[in-house]
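What follows is the residue order along each chain.
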Amino acid sequence: MAGHLELENLTRRFGELTALDHLSFSVPAGQVVGFLGPNGAGKTTTMRAIFGLTDLDAGTVRWNGAPVSQAERRRFGYMPEERGLYPGMLVADQLAYLGRLHGMSASAAAGAAGSWLDRLGIADRAGDKVESLSHGNQQRVQLAAALLHGPELLVLDEPLAGLDPPGIDTIGGVLVEEARAGCCVLFSSHQLDQVEDLCESVVIIDHGRLTTEGRVDDLATSGARRLVVRVEGVRDAAWARGVPGITVSEVDGGEVRLVLEESVDVDTVLRAAMAAGRVTTFVLERRRLSEVFREALR
Amino acid sequence: MIRLLAGAVIAGVVAVRIWFRVRRHRTTGGHRTGGGGRSRLPWAGVTGDVGLVASRELRERFRGRVFRVGTLFILAVVAGAIVIPTLTSSPARPRRLGVVGALPPATMASVTAAARGVGTTVVLVPEPSTASARAALHDGRIDAALVDGSEIVVEAPIRPGDTSATAQFVRAAASSLGVTRAFEAARLTPTQVATVAGARPLPVSSIQPGTGTGSAKSTSVVGLVLVFMMLTQYNTWILMGVMEEKSSRVIEVLLATVRPLQLLTGKVLGIGLVAFAQASLVVAFALALAEGVGSPLLHGTAPLVLVSTLLWLVLGYAFYCWVYAAAGSMVERQDQVQGLALPLSLPLVFGYITGLMAAGTGSASALVTVLAYVPLTAPFSMPVLVALGAVTWWQFTLSAVISIASTVAVARLAATVYRRAILRTGGRVRLRALFATGR
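Residues numbered from 1 in each chain as written. Chains lettered and ligands numbered in written order. Predicted model: local features only at pLDDT ≥ 70, side-chain atom pairs only at ≥ 80, totals over all residues. Heavy atoms only, no water.

Asker: Would you mind showing me how to read the interface of chain B and chain A here?
Answerer: A common measure of how large an interface is: the accessible area buried when the components associate. Listed as interface residues are 31 residues of chain B and, on the opposing side, 38 residues of chain A. Taken together, both faces of the contact between chain B and chain A bury some 3300 Å²; the carbon and sulfur share is 50%. Where chain B meets chain A, there are two salt bridges. For D49 of chain B, the salt bridge is made with R74 of chain A, and the minimal N-O distance between the two is 2.5 Å. Applying the counting criterion to the chain B and chain A interface returns six residue pairs in polar contact (both at pLDDT 80 or more). With six residues, helix 2 (residues 44-63) of chain B is the largest single contributor of residues to the side of chain B that touches chain A. Each residue belonging to the side of chain B that touches chain A can be placed in one class, and the counts come to nine nonpolar, nine polar and 13 charged. (Contact = heavy atoms within 4.5 Å. Buried area = accessible area lost by both parts, 1.4 Å probe. Salt bridge = Lys/Arg side-chain N within 4 Å of Asp/Glu carboxyl O. Polar contact = N/O pair within 3.5 Å; in protein donor to acceptor, adjacent residues only side chain to side chain. Helix = DSSP H or I, 4+ residues; strand = E, 2+ residues; numbered from the N terminus. Nonpolar A, V, L, I, M, F, W, Y, C, P; charged D, E, K, R; others polar.)

Asker: Explain the sheet that holds strand 8 (residues 184-188) of chain A to me, please; I cannot follow it from the model alone.
Answerer: Each strand in a sheet pairs with its neighbour through backbone hydrogen bonds, running either in the same direction (parallel) or in the opposite one (antiparallel). Residues and elements named next belong to chain A. Across the sheet, six strands lie side by side as 6-7-8-3-9-10; this open sheet has mixed pairing. Sheet topology places strand 6 (76-79) and strand 10 (209-215) at the edges, where each strand pairs with a single neighbour. Each neighbouring strand pair of the sheet contributes to a mean axis angle of 15 degrees, computed without reference to strand direction. Both strand 6 and strand 7 (residues 153-157) contribute to a ladder of four bridges, which runs parallel. The residue of strand 7 that forms the bridge with F76 is L153. Sheet contacts for helix 1 (residues 43-50): strand 3 (32-36), strand 6, strand 7, strand 8 and strand 9 (201-206); angle to strand 7, the most-contacted strand, approximately 145 degrees. (Pairing = 2+ DSSP bridges. Axes fitted to C-alpha atoms, helices over the stretch in contact; angles between N-to-C directions.)

Asker: When you look at the side chain of D143 of chain B in this model, what are you seeing that I'm missing?
Answerer: Tracing the backbone through its elements, the reader meets D143 of chain B in the loop between helix 5 (130-139) and strand 3 (144-147). Residues contacting D143 of chain B, with those up to four places away along its chain left out, are R93, P94, R95, R96, L137, V154 and T166 of chain B.

What follows is the structure, encoded as structure tokens:
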């Protein structure tokens, strides 16, 4: 079932506005890929383009090397940003219906609906109307709708938005499990800490263009080294400002984040810190995703 | 004839249910394999999706309280319309006439003819004396008493405006017996008097084409109300159903797997089948009830009017459903719907009112005759022309063909509007914008 998604040169204009500008990236099988970008960057338009929900001015969406058609889309799972379920329909009926639209038999769809509701912890709500469910539970039903038919590609637009920590853990856990089982997972989010925890790779776009793409580990360890230093009793970073080749990126309650140039020796920094007082923290830090994100948008 | 029609309608409803069950079995299929378990016929995926969407509509609508309560309400109204007139006129119950003294054949023929003339029958009850006849009248065992062929006695005075069956019979009998006595006084032989007394009225024919029977006209009025109610209700369902899918954003999930045209077709087909099932149920119920209580509503050409009304309900729905679906795809809020509902309902209301007026006056005006060929108003005008006997089969067929051809054109246009508008959110979509820039 492994497959990979390729977006090639996607371009979409709405009048004067260019929502997607020759955007290309790929999503490999077995990975959870975070899709990041500021508001209005074109994330939702990209996801809608994968499902043919918006016309493209140019570009192709490919699945395993071939242009995506309706038959392939039936094997994909989609969770739109603005959740979509029939408010007055019973949860189990709704899932069974959506499963059947994905080509499942009636009994298989009903069975899958039951087991997913069970797995997401809302089996007792199967006979309730969707509109009677809380936001978090509606989101779980929406995820079940995307997963029901065992999709080869899962595209989720802000699946974690508005969830409480247990909800994030449940849905995040499911996404990782699906990827481990060979599914291709692409999801967008503004919660960068969670993206860092869940994703192997990220794609960052801005103004409809690709800015950064790669594995989270590679992005975190690439670029300049970062040091976190705390000197007892010192609240500012005056001691560091004199050291050549160092940039102070952040001072937070006595904890100083430094960006080191290639030529700077870590020992030099340690000596400068010790000269200022007793050093209680001295850690070589990975770049956080939020920093990668900010740099990508610069 | 009526039993045959009722049977056909019920058989149709059963056939539709079986068809859906078979479709459901036929379209069962695979999981994860991307349709490996689906039927291998190339068109099966398309009809399967349309069938799935339609059967969801059927299931959800049948399950809804609105539908069940609405159906019961319509049945109650129809039952009232059929039963109440038969209760007030009571044509089925014969009048009981007490007879004191001898009853010559001429007098008997005269009484029977008088009863037939006012649409009833008479049972003669011999009474030994005037006193016993008065007692029987008082107890209600007889409706009137004929004493010695020379006087009619009733319980209460008969007022000039009284239209009850007894009053009509007594007036007719009194008049008829008076004439019979006059013939006897003119010394006609008893056989001659009997012949004259049993006279039947002459048939009356007109130079202009027939204006239909009274019962056919009444049936066409009932049919007009039914068509108007159903077209309004089911088209509103289409409008609101499409809008709900758009406003709840479920449309994105649906269109990620099915094509817009499949979704649209499934929806109008599903709701259309609900409408047809309900209409068939109402018609079958009306036929069975009218037959049971001996209502004149279905006599003469009325069954033909009923069949043409049903046919035009289907044609009218087929035409309007696309228009309402396209309109629904352009709005996403209740207040936006209100702005569309009025202009959409105008042709329906116009056709309905002109149809009612024609059925009321009993003559087909030039306007109604023209409207019978316009697809927007034909569902109302054409059944009325049938009821008035003012249309030939080829004219009927021509109008149906015009309607079907227009439906095809409207459906194509509506599908384009729907496809372009359904995913546009954030305010009412304008037609001009839709065709200026594409989706």
